[in-house]
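Residues per chain, in single letters:
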Amino acid sequence: MAFHTDPENQFPTIMQVKQSIFPHPPYPNWTAVGVSWLAGFDFEIKASPGSPAH
């Protein structure tokens, strides 16, 4: 899950980084949420580690 204070301007950079880290499936689940304020940050990412079933 990602929280964004300015999704319209942040998404081009975030999508570029995401593509460089996850260039091929399986892609991780991702939920983006627009917020009006984060304590001193432009965006926040919460992640839970896991691995696909084989």
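Heads up: the structure comes first, above all this text.
Residues numbered from 1 in each chain as written. Predicted model: local features only at pLDDT ≥ 70, side-chain atom pairs only at ≥ 80, totals over all residues. Heavy atoms only, no water.

A.B. asks: Got a minute to help me understand the overall build of the protein chain in this structure?
C.D. replies: The helix and strand inventory of the protein chain stands at one helix and three strands. Along its sequence from the N terminus, the protein chain presents helices and strands in the succession β-α-β-β. Along the first, second and third principal axes, the C-alpha set of the protein chain runs to 40 × 20 × 15 Å. The buried share among the 54 residues of the protein chain stands at 11%. Within the protein chain, residue pairs in contact and separated by at least 24 positions form 78% of the contacts whose partners lie at least 6 positions apart. Surface accessibility of the protein chain: about 4600 Å² in total, with carbon and sulfur atoms responsible for 60%. (Helix = DSSP H or I, 4+ residues; strand = E, 2+ residues; numbered from the N terminus. Buried < 20%, exposed > 50% of the residue type's maximum accessible area, 1.4 Å probe, protein only. Contact = heavy atoms within 4.5 Å. Areas by Shrake-Rupley, 256 points an atom, 1.4 Å probe, with all protein chains shown as cover.)

A.B. asks: Is there a simple way to think about the layout of surface pockets in this case?
C.D. replies: Taken as a whole, the largest pocket spans an internal volume of roughly 500 Å³. In terms of lining, the largest pocket is formed by 16 residues, of which the most central are Phe22, Pro28, Asn29, Trp30 and Ile45. Breaking the lining of the largest pocket down by element, the ones donating at least two residues are helix H1 (7-21) and strand S3 (43-45). Looking at which element gives the most residues to the lining of the largest pocket, the answer is H1, with five residues. Of the residues in the lining of the largest pocket, the class split is 11 nonpolar, three polar and two charged. (1 Å grid on protein atoms, 1.4 Å probe; cavity = no way out; pocket = protein on both sides within 12 Å on 5 of 7 lines; lining within 4 Å. Points joined across faces, edges and corners; volume = space filled by probe spheres on them. Nonpolar A, V, L, I, M, F, W, Y, C, P; charged D, E, K, R; others polar.)

A.B. asks: Got a minute to help me understand the packing of aromatic side chains in this structure?
C.D. replies: Aromatic ring pairs are described here by two measures, namely the spacing of the ring centres and the angle between the planes. All told, the structure shown has one aromatic pair when counted by the stated rule. Here the basic side chain of Lys18 rests over the ring of Tyr27, its NZ or CZ set 5.4 Å away from the ring centre. (Phe/Tyr/Trp six-rings, centres within 6.5 Å; stacked < 30°, edge-to-face > 60°. Lys NZ or Arg CZ within 6 Å of the ring centre and 35° of its normal.)

A.B. asks: Quick question: what am I supposed to make of the side chain of His4 here?
C.D. replies: On the secondary structure map, His4 appears in strand S1 (residues 2-4). On the basis of relative accessible area, His4 is assigned to the buried category, the value being 1%. Here Gln10 takes part through its side chain, which lies 3.2 Å from a polar atom of the side chain of His4. (Polar contact = N/O pair within 3.5 Å; in protein donor to acceptor, adjacent residues only side chain to side chain.)

A.B. asks: What should I look at first to understand a nonpolar patch on the surface in this one?
C.D. replies: A cluster of nonpolar side chains, namely Val17, Ile21, Phe22 and Tyr27, defines an oily patch on the protein surface of about 380 Å² accessible area. Within the fold, Phe22 resides in the loop between H1 and strand S2 (32-34). (Patch = residues over 30% accessible without salt bridge, like charges linked within 9 Å, V, L, I, M, F, W, Y side chains within 5 Å. Salt bridge = Lys/Arg side-chain N within 4 Å of Asp/Glu carboxyl O.)

Note that every value here comes from positions in space, so none of it alone points to a role or purpose.
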